[in-house]
Amino acid sequence: MDSGRTDSSASKAIPEPGPEPEPGPEHAPARGDRASRAEPVPFTPDTLLWDMVGDIRVLLYLPAALVLQVAHPAVGAGVDEHSVFRTDPWGRARRSLDSLQLWVYGGDRAVEEGRRLRRLHKDFRGTDTRDRPYHALNPAPYAWVHATGFPVFLRAARYLFRPFDEQGERRLHEEARRLGRILGIRERDMPGSPEEFWVYFDAMVRDELERTVVVEELLDARRSVPPPDGAGAVLRRLWPVLCPPLLRLQVFVTRGLLPPVARERLDVVWTARDERRLRLFGRVVRTVVPRLPERLRYLPAAYAARRAARARAGSAARPARRCRLPLG
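Residues numbered from 1 in each chain as written. Predicted model: local features only at pLDDT ≥ 70, side-chain atom pairs only at ≥ 80, totals over all residues. Heavy atoms only, no water.

Re the packing of helix α4 (residues 89–105) against helix α5 (residues 109–121)
Inference 1: The interhelical angle for the contact between α4 and α5, taken along N-to-C directions, is 140 degrees, at an axis separation of 7 Å. Taken as axis vectors, α4 and α5 run oblique relative to one another. As α4 packs across α5, the resulting crossing turns out to be left-handed. Residues S99, L102 and W103 of α4 lie in contact with α5, whose contacting residues are R109, A110, E113, R116 and L117. (Axes fitted to C-alpha atoms, helices over the stretch in contact; angles between N-to-C directions. Helix = DSSP H or I, 4+ residues; strand = E, 2+ residues; numbered from the N terminus. Parallel < 35°, antiparallel > 145°, perpendicular 65-115°, else oblique. Left-handed = near helix turned anticlockwise from the far one by under 90°. Contact = heavy atoms within 4.5 Å.)

Put into structure tokens, the structure is as follows:
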């Protein structure tokens, strides 16, 4: 399967669901949904996401998922109207990244973080670009935000890590569903297999996505970005010189990691030369990052969780001390 592009000829439109209760474990599931609802299970060191989500390469591929999310008219309108990403870009990015780390490395706190996010978004509502009322927790857009992770993880693996084989892709998809349960997404709102996912994804790209105002801003390599919060005097002086090339690189990688069908839908230009440059960049990243010390390769929350997991495993593997009996 080409995980970077799906066969749109095999796609079929999925009907838009009508008004439904807001998702979340705190809401009692519908009678037909009780049997299929699985309890959220925290992630552990034997999972793929445990290795990927805390790796510093997440900083390179996460923006592509964000672009897919805000290309949905309801999500784009919600971010445009309610987010502080324009006035506090670094704070907004840091909070999003901290939340993502909790989903995977937070253990029992992961489910509570999912509940916190739903409480945070419960009052986000308005009208999207197609004059349709939206609510941040409506099942369709809420599930789409989560769904964007799977194709971007696959694209990131292809260029920045190591491509998945079919078995790995299925395992990743099941872990994505596991993440969805942590976020309170209902089973019936998540495709049950990679094949079902690509049908769903093609239909969403074809019927829903558009180049929203927020997409335009995120793909603008000339936009103004202030220095990072807490930057010292030297970095602030150098920022006008450092920011433009860093922003061009970020936008370039973001465009490259968008699935081709989404790039086409959003009118994102991507040439054969761009593809060669991305592949070269990916080879450099795949060579350099795995050789970094663990404390530099992983974000702080992931590094701490990995060390704690190893300590627990080592403690469990050590034999119990034998009680010495007194001689005599």
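Here the narrative resumes, following the displayed structure.
Section: empty space enclosed by the protein
Inference 1: In this structure the tally under the stated criterion is 2 cavities of 30 Å³ or more.
Inference 2: In this structure, the largest cavity spans a volume of roughly 90 Å³.
Inference 3: The wall of the largest cavity is formed by A143, H146, A147, F150, H173, A176, R177, D189, M190, P191, F197 and Y200.
Inference 4: Those elements giving two or more residues to the lining of the largest cavity turn out to be α6 (139–147), α8 (166–182) and α9 (194–207). (1 Å grid on protein atoms, 1.4 Å probe; cavity = no way out; pocket = protein on both sides within 12 Å on 5 of 7 lines; lining within 4 Å. Points joined across faces, edges and corners; volume = space filled by probe spheres on them.)

Digging into the nonpolar core
Inference 1: Core analysis: the biggest nonpolar cluster contains 71 residues, and L49, Y61, L68, W144, L160 and F201 have the highest contact counts within it.
Inference 2: Those residues in contact with L160 that lie beyond four places of it in its chain are R57, L60, Y61, L257, F281, G282, V285 and R286.
Inference 3: Judged by nonpolar contacts, the second largest core, of 5 residues, contains W239, C243, L247 and V251. (Core = buried A, V, L, I, M, F, W, Y, C linked by side-chain atoms within 4.5 Å. Buried < 20%, exposed > 50% of the residue type's maximum accessible area, 1.4 Å probe, protein only.)

Regarding a nonpolar patch on the surface
Inference 1: Where nonpolar side chains cluster on the molecular surface, the patch consists of V234, L235, L238, L242 and L246 and spans about 410 Å² of accessible area.
Inference 2: Among the secondary structure elements, V234 is positioned in helix α11 (residues 233–257). (Patch = residues over 30% accessible without salt bridge, like charges linked within 9 Å, V, L, I, M, F, W, Y side chains within 5 Å. Areas by Shrake-Rupley, 256 points an atom, 1.4 Å probe, with all protein chains shown as cover. Salt bridge = Lys/Arg side-chain N within 4 Å of Asp/Glu carboxyl O.)

As for the packing of aromatic side chains
Here a ring pair, both rings aromatic, is described through the centre-centre distance and the interplanar angle of the planes.
Inference 1: Across all of its chains, the model carries 13 aromatic pairs by this definition.
Inference 2: Look at W144 and Y200: their rings are 6.2 Å apart centre to centre, the planes differ by 55 degrees, and that puts the pair in the tilted class. Residue W144 is found in helix α6, and its partner Y200 is found in helix α9; the two are separated by 56 residues along the sequence. This pair shows no difference in class: W144 is buried, exactly as Y200 is.
Inference 3: Consider the rings of F197 and F201, whose centres lie 5.8 Å apart with planes at 20 degrees: the pair is stacked. Of this pair, F197 and F201 both sit in helix α9, 4 residues apart, which is roughly one turn of the helix.
Inference 4: Look at F197 and you get buried, because its relative accessible area is 2%.
Inference 5: Look at F201 and you get buried, because its relative accessible area is 0%.
Inference 6: Aromatic rings pair up to connect W144, F150, F197, W198, Y200 and F201 into one cluster.
Inference 7: Taking the ring centre of F43 as reference, the NZ or CZ of R178 above it sits at 4.8 Å.
Inference 8: The ring of F252 is capped by R277, whose NZ or CZ atom sits 4.5 Å from the centre of that ring. (Phe/Tyr/Trp six-rings, centres within 6.5 Å; stacked < 30°, edge-to-face > 60°. Lys NZ or Arg CZ within 6 Å of the ring centre and 35° of its normal.)

Overview of α9
Inference 1: Between its first and last C-alpha, α9 extends 20 Å over 14 residues, near the 20 Å set by a 1.5 Å rise per residue.
Inference 2: Looking at the buried positions of α9, the neighbouring elements they touch are α2 (58–70), α6, α7 (149–160), α8 and α12 (260–265). (Expected span 1.5 Å × (residues − 1).)

Side note on the pattern of salt bridges
Inference 1: For the structure on display, the rule yields 31 salt bridges.
Inference 2: A salt bridge links R116 to E113, with the nearest nitrogen and oxygen atoms 2.8 Å apart. Pair noted here: R116 and E113 are both in helix α5, with a separation of 3 residues, about one helical turn.
Inference 3: Taking relative accessible area as the criterion, R116 reaches 35% and is therefore assigned partly exposed.
Inference 4: For the salt bridge of R222 with D220, the shortest nitrogen-to-oxygen distance reads 3.7 Å.
Inference 5: One salt-bridge network, in which partners are shared between bridges, spans D128, R130, R132, E208 and E210.

Quick word on unusual backbone geometry
Inference 1: One non-glycine residue with positive phi stands out, namely D131, at about 60 degrees.
Inference 2: The residue D131 is located in the loop between β1 (125–127) and β2 (133–135) in this model.
Inference 3: For D131, a relative accessible area of 65% gives the class exposed.
Inference 4: You will see that D267, though not glycine, has its phi angle at about 55 degrees, which is positive.
Inference 5: With respect to the helices and strands, the residue D267 is situated in the loop between α12 and α13 (272–288).

Focus on the side chain of D274
Inference 1: Its place among the elements puts D274 in helix α13.
Inference 2: If near-sequence neighbours (up to four positions away) are discounted, D274 is found in contact with F252, R255 and V269.

As for the side chain of E187
Inference 1: When you line up the elements, E187 lands in the loop between α8 and α9.
Inference 2: When its relative accessible area of 11% is taken as the criterion, E187 is described as buried.
Inference 3: In this structure the side chain of E187 is engaged in a polar contact, spanning 2.6 Å, whose partner is the side chain of R181. (Polar contact = N/O pair within 3.5 Å; in protein donor to acceptor, adjacent residues only side chain to side chain.)

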